[in-house]
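Analysis of the macromolecular model
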Protein chains: 2
Amino acid sequence: MNVLQFVLSENLSLRDPQETELGRKIVQESIEMIDMLGFECFTFKKLAQRIESTEASIYRYFENKHKLLIYLITWYWQWLEYKIDYGIQNIASPKQKLEIAIRILAERKEKDPTFPEINEEALYRIVIAESDKTYLTKQVDEDNKEGLFRGFKSLCKMIAGFIREINPEFEFAHSLASTAMQAAHQQLFFARHLPSLTELSDSQQDMHAQNAHFLKIMIFNSINSAT
Amino acid sequence: MNVLQFVLSENLSLRDPQETELGRKIVQESIEMIDMLGFECFTFKKLAQRIESTEASIYRYFENKHKLLIYLITWYWQWLEYKIDYGIQNIASPKQKLEIAIRILAERKEKDPTFPEINEEALYRIVIAESDKTYLTKQVDEDNKEGLFRGFKSLCKMIAGFIREINPEFEFAHSLASTAMQAAHQQLFFARHLPSLTELSDSQQDMHAQNAHFLKIMIFNSINSAT
DNA sequence: TCAAACAAGATAGTATTACTATTGTACGCG
DNA sequence: CGCGTACAATAGTAATACTATCTTGTTTGA
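1. Focus on the overall build of chain A
Scanning chain A from N- to C-terminus turns up 10 helices and 0 strands. Its helices and strands taken in sequence order, chain A reads α-α-α-α-α-α-α-α-α-α from the N to the C terminus. What you see for chain A is a C-alpha radius of gyration of 18 Å, in line with the 17 Å of a compact globule of 227 residues. The dimensions of chain A, computed from C-alpha atoms along their principal axes, are 60 × 35 × 35 Å. When each of the 227 residues of chain A is scored for burial, the buried share is 56%. Counting only contacts in chain A whose residues sit at least 6 apart along the sequence, the fraction spanning at least 24 positions is 69%. Carbon and sulfur atoms make up 48% of the accessible area of chain A, which amounts to about 10,100 Å² in all. The positive charge centre, built from 26 side chains, and the negative charge centre, built from 32, are 1 Å apart in chain A.

Laid out in C-alpha cells, this is it:
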C-alpha cells in the first residue's frame, strides 16, 4: 500500500485502478505506451498484449481510452497542486507564493518517490503533447458536467487566487492563470518541434528556468498594469 | 474565378482544390461538416455522401483528413495575415501596428465577401476547437519539414516583429506572440465550455473586445518589462 | 478530327479500431 | 460449502481509413 494516493473523481474510472494489481498495471503501462506511441496509436488491445491481459479486462476499469487519458492528466494536475501546496507552506507573501507556483509549474519533472507506480517524466511528456485533447472534443460539456476537469480547474483557481491577493483589482486573474498554465507546456512543445515559435531552445541547459523566467515576466507585469 | 486566392503549400493537397468544381465543394462543405460534427466524427465517407461524390474522388485531392484540416487552418492564418497586412497600411508606429494586429486577432470573424466559397464564421469555430490537433501528433516533425505549418509561423513572426520594433531588448518576442495567438482562441473556448477558467463570458456582448483588452494588457506590459 | 490524357464516378475489398457480450475458472471469505 | 470477486478467453460487430481497379465522360492539342 502507498503512503499517499490521490482521490480522483469517481466518474473517471469504472473501478478504482489504484486498488488492484491489474488496475495499477493498466495505469503504469499506459503511461509508457501513450508516451511512446502517442495517444492516437495507443489502443487497449496493444496495452492488453503488453500487460498480458485482455481488452475486456481493461474495459472493466476504463470506459474508453479517452477517460483513461483524462484520468492520467487529472492525476498530473493534482500532483502539481500537491507540490505547490507543499511548497508554499508557511509563506505569507502572495508574490512569493506565486513565484513558487510558477517555478513548480515550469520546472523539469523528475521521479517522485512518493508515487512509485507513476513515471512522472513520461507523464509530463504526455501532458505536454496530449492534454489538450482531453477537452477539445464535442463531448466537452458532458465531460465537464461529470467533473472530469476538476484537476485543471482547481489549480487554475489556486493560481488565480495568488494573483488576486497581489492585486485585487486585476480583472483577468483566471484568464492569466489559464493562459500561463497552457503556455508553460506549449512553449516546451514548440521548443522541441516548432522552434521558430519560441525563444526557448531544446538544447539549452536551462530551458526550464528560461521558461519560468518568461512566465514570470508575463504574469507579474500583467498583474500590476494600469488598466 | 475569384479576384483573390491564397497560394497554399503544395504539400497540403494532392491537387489544388481551388481549381475545380469538386475541389471547391470539398473545401466548402468540409468546413460546414467539421464545424457541425467535430473533427473526429467527420469522415470522407460522410463528406462524399453530402456532396454526392465518392470517397475515392476526395482522396484524389487530400491524402487524408488530417491534411485537409491543416489546409483549412493554414487558409485561416493566411487570411488573418492578409487582413493585418491590409490593416497596417501606412501606419508607422509599431505600437499602433501591434494594437491593430491584436484587434484583428481577437475580433469576431464575419463573412469576407472577397472569398465567397469560405464560411469564415464556421472556419473560425473550427480554428478555436480543432487547430491544435494539426500539430499535436507524432508526425509533427515530418509535417513541419514539409512546411505545413508555415501559416501559423509566418503570422507569429510578423507579430514578434512588431514586438521587437517596440522594444528590441525584449527577449521573448516569439514566445509572447505564440502564447498570445493561442490564448486568443483558447480563452474563447474556455468562455464557452469551461467558464471557470476565464473572466470572459460567452453571454457578454463585448466578449471579443474584452479578449483583445486582456491580450493587450498581457502583451504591452510584458514588452516594457525590466528584465 | 481523332486519340491521348485527365477528371471523376462506381464498386469492391482490407486491416484496424473501439467496442460489447458471454462463458469459464481460480481464489478467498464467512 | 457456497458465494462473490477478479479476470481470462473467445467471439462478434459496426465503423473507419484507406487502396485498387475499372469505366465513362470531357477536354485538348497535334
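2. A short note on the protein's contact with DNA strand D
Taken together, 16 residues lie around DNA strand D, and S53, S57, R60 and Y61 of chain A together with E55 of chain B are the ones closest in. Take S53 of chain A: an N or O atom from its side chain is 2.2 Å from a phosphate oxygen of DNA strand D. Breaking the surface near DNA strand D down by element, the ones donating at least two residues are α3 (55–59) of chain A together with α3 (55–59) of chain B. Tallying contributions element by element places α3 of chain B first for the surface near DNA strand D, with 3 residues. For the surface near DNA strand D, the per-class residue count stands at 5 nonpolar, 5 polar and 6 charged.

3. Points about the relation of the copies chain A and chain B
Taken as rigid bodies, chain A and chain B are interconverted by a rotation of 180° and an axial shift of 0.0 Å, the fit giving an RMSD of 0.0 Å. Classification of the inter-copy transformation places it as that of a two-fold axis. Across chain A, the rotation axis passes nearest the C-alpha of N221 of chain A, at a separation of 2.7 Å. When you check the interface residues of chain A against chain B, 100% turn up at the interface there too, and the contact is symmetric in its surfaces.

4. Things to note about the nonpolar core
Membership of the largest hydrophobic core comes to 169 residues, with the highest contact counts inside it found for W77 and L98 of chain A together with W77 and L98 of chain B. In this structure, W77 of chain A is in contact with L105, V127, G151, F152, L155, M181 and H185 of chain A, ignoring residues within four places of it in sequence.

5. Structural notes on the protein's contact with DNA strand C
In the region of DNA strand C, 16 residues are neighbours, and E55 of chain A together with S53, S57, R60 and Y61 of chain B sit closest. Taken together, the sugar and phosphate atoms account for 62% of what DNA strand C places within 4 Å of the protein. A distance of 3.2 Å separates a sugar or linking oxygen of DNA strand C from a polar side-chain atom of Y59 of chain A. Within the side chain of S53 of chain B, a nitrogen or oxygen atom sits 2.3 Å from a phosphate oxygen of DNA strand C.

6. Re the layout of surface pockets
Estimates place the volume of the largest pocket at around 750 Å³. As for the largest pocket, its lining consists of 31 residues, of which D35, R125, I128, R192 and H193 of chain B are closest to the centre. Where the lining of the largest pocket is concerned, the elements lending two or more residues are α1 (21–37), α6 (120–130), α9 (173–193) and α10 (207–223) of chain B. Of all the elements, α6 of chain B adds the most residues to the lining of the largest pocket, at 7 residues. Counted by class, the lining of the largest pocket contains 13 nonpolar, 7 polar and 11 charged residues. Within this model, the second largest pocket holds a volume of roughly 610 Å³. Residue lining of the second largest pocket: 26 residues in total, with D35, R125, I128, R192 and H193 of chain A positioned closest to the centre. Of all the secondary-structure elements, those providing two or more residues to the lining of the second largest pocket are α1 (21–37), α6 (120–130), α9 (173–193) and α10 (207–223) of chain A together with α7 (140–145) of chain B. Ranked by residues supplied to the lining of the second largest pocket, first place goes to α6 of chain A with 7 residues. A class-by-class count of the residues in the lining of the second largest pocket yields 11 nonpolar, 4 polar and 11 charged.

7. Some thoughts on the packing of aromatic side chains
Per the counting criterion, the structure on display carries 36 aromatic pairs over all chains. Measuring from centroid to centroid gives 5.6 Å for F189 of chain A and Y135 of chain B, while their planes differ by 45°, and the two rings are tilted. Note that F189 of chain A is positioned in helix α9 and Y135 of chain B in the loop between α6 and α7, a pairing that runs across two chains. Taken individually, F189 of chain A and Y135 of chain B each receive the classification buried, so the pair is uniform in this respect. Ring pairs connect the aromatic residues F6, W75, Y76, W77, W79, Y82, Y86, F115, Y124 and F152 of chain A, which therefore count as one cluster. Taking the ring centre of Y61 of chain A as reference, the NZ or CZ of R15 of chain A above it sits at 5.5 Å. When the ring centre of F39 of chain A is taken as origin, the NZ or CZ atom of K65 of chain A, which lies over that ring, is 4.7 Å away.

8. Some points on α10 of chain A
Side chains that are three or four residues apart share a direction in an α-helix, a result of its 3.6 residues per turn. The end-to-end C-alpha distance of α10 of chain A, which contains 17 residues, comes to 24 Å, matching closely the 24 Å that a straight helix rising 1.5 Å per residue would cover. Burial analysis of α10 of chain A places 12 of its 17 residues in the buried class, which makes it a mostly covered element. Those residues of α10 of chain A not exposed but buried are M207, H208, N211, A212, F214, L215, I217, M218, I219, F220, S222 and I223 of chain A. Packed against the buried residues of α10 of chain A are α5 (94–106), α6, α8 (150–166) and α9 of chain A together with α9 and α10 of chain B.

Conventions we followed
- Throughout this document, residue positions are counted from 1 along each chain, in the order its sequence is written.
- Think of it this way: whatever chain is written first is A, whatever ligand is written first is 1, and the rest follow in order.
- Where local features are concerned, this predicted model is filtered to residues with pLDDT of at least 70; where side-chain atom pairs are given and counted, the filter is 80 or more; whole-chain, interface and lining totals use all residues.
- Heavy atoms from the whole structure form the basis of all side-chain values; hydrogens and water molecules are not counted.
- Numbering of helices and strands runs from the N terminus; a helix is a DSSP stretch of H or I covering at least four residues, while a strand is a stretch of E covering at least two.
- Radius of gyration here uses only the C-alpha atoms, and the compact-globule reference equals 2.2 Å multiplied by the residue count raised to the power 0.38.
- Throughout, exposure labels follow a simple rule: accessible area from a 1.4 Å probe, protein chains only, divided by the maximum for the residue type, with under 20% read as buried, over 50% as exposed, and the rest as partly exposed.
- Residues are treated as being in contact if the distance between any of their heavy atoms lies within 4.5 Å.
- Using the Shrake-Rupley algorithm and a 1.4 Å probe, accessible areas are obtained, with residue cover drawn only from the displayed protein chains.
- As used throughout, the charge tally considers Lys and Arg to be positive and Asp and Glu to be negative, leaving His and the chain termini uncounted.
- By convention, charge coordinates are those of NZ in Lys, CZ in Arg, CG in Asp, or CD in Glu.
- Proximity criterion: a residue is near a molecule or strand once any of its heavy atoms comes within 4 Å of it.
- Throughout this description, a polar contact denotes any pair of N or O atoms lying within 3.5 Å of each other; where both atoms belong to protein, one of them has to be capable of donating a hydrogen while the other can accept it, and for residues adjacent in sequence the pair is counted only when both atoms sit in side chains.
- Three residue categories are used. Nonpolar comprises Ala, Val, Leu, Ile, Met, Phe, Trp, Tyr, Cys and Pro, charged comprises Asp, Glu, Lys and Arg, and polar comprises the others, including Gly.
- In this comparison the copies share one frame, found by least squares on the C-alpha atoms of residues holding pLDDT of at least 70 in both.
- By nonpolar core is meant a set of buried Ala, Val, Leu, Ile, Met, Phe, Trp, Tyr and Cys residues that side-chain atoms within 4.5 Å join together.
- Residues are called lining when one of their atoms sits within 4 Å of a cavity or pocket point, these points coming from a 1 Å grid over the protein atoms alone, where a cavity is a set in which a 1.4 Å probe fits but cannot get out and a pocket is an open set with protein on both sides within 12 Å along at least five of seven lines.
- Grid points are joined across faces, edges and corners, and a volume is the space filled by probe spheres set on the points.
- Two aromatic rings from Phe, Tyr or Trp, using only the six-membered ring of Trp, form a pair when their centres are within 6.5 Å; if the ring planes differ by under 30 degrees the pair is stacked, by over 60 it is edge-to-face, and anything between is tilted.
- By definition, being over a ring means that NZ of Lys or CZ of Arg is both within 6 Å of the ring centre and within 35 degrees of the ring normal.
- A helix is expected to reach a length of 1.5 Å times the quantity of its residues less one.

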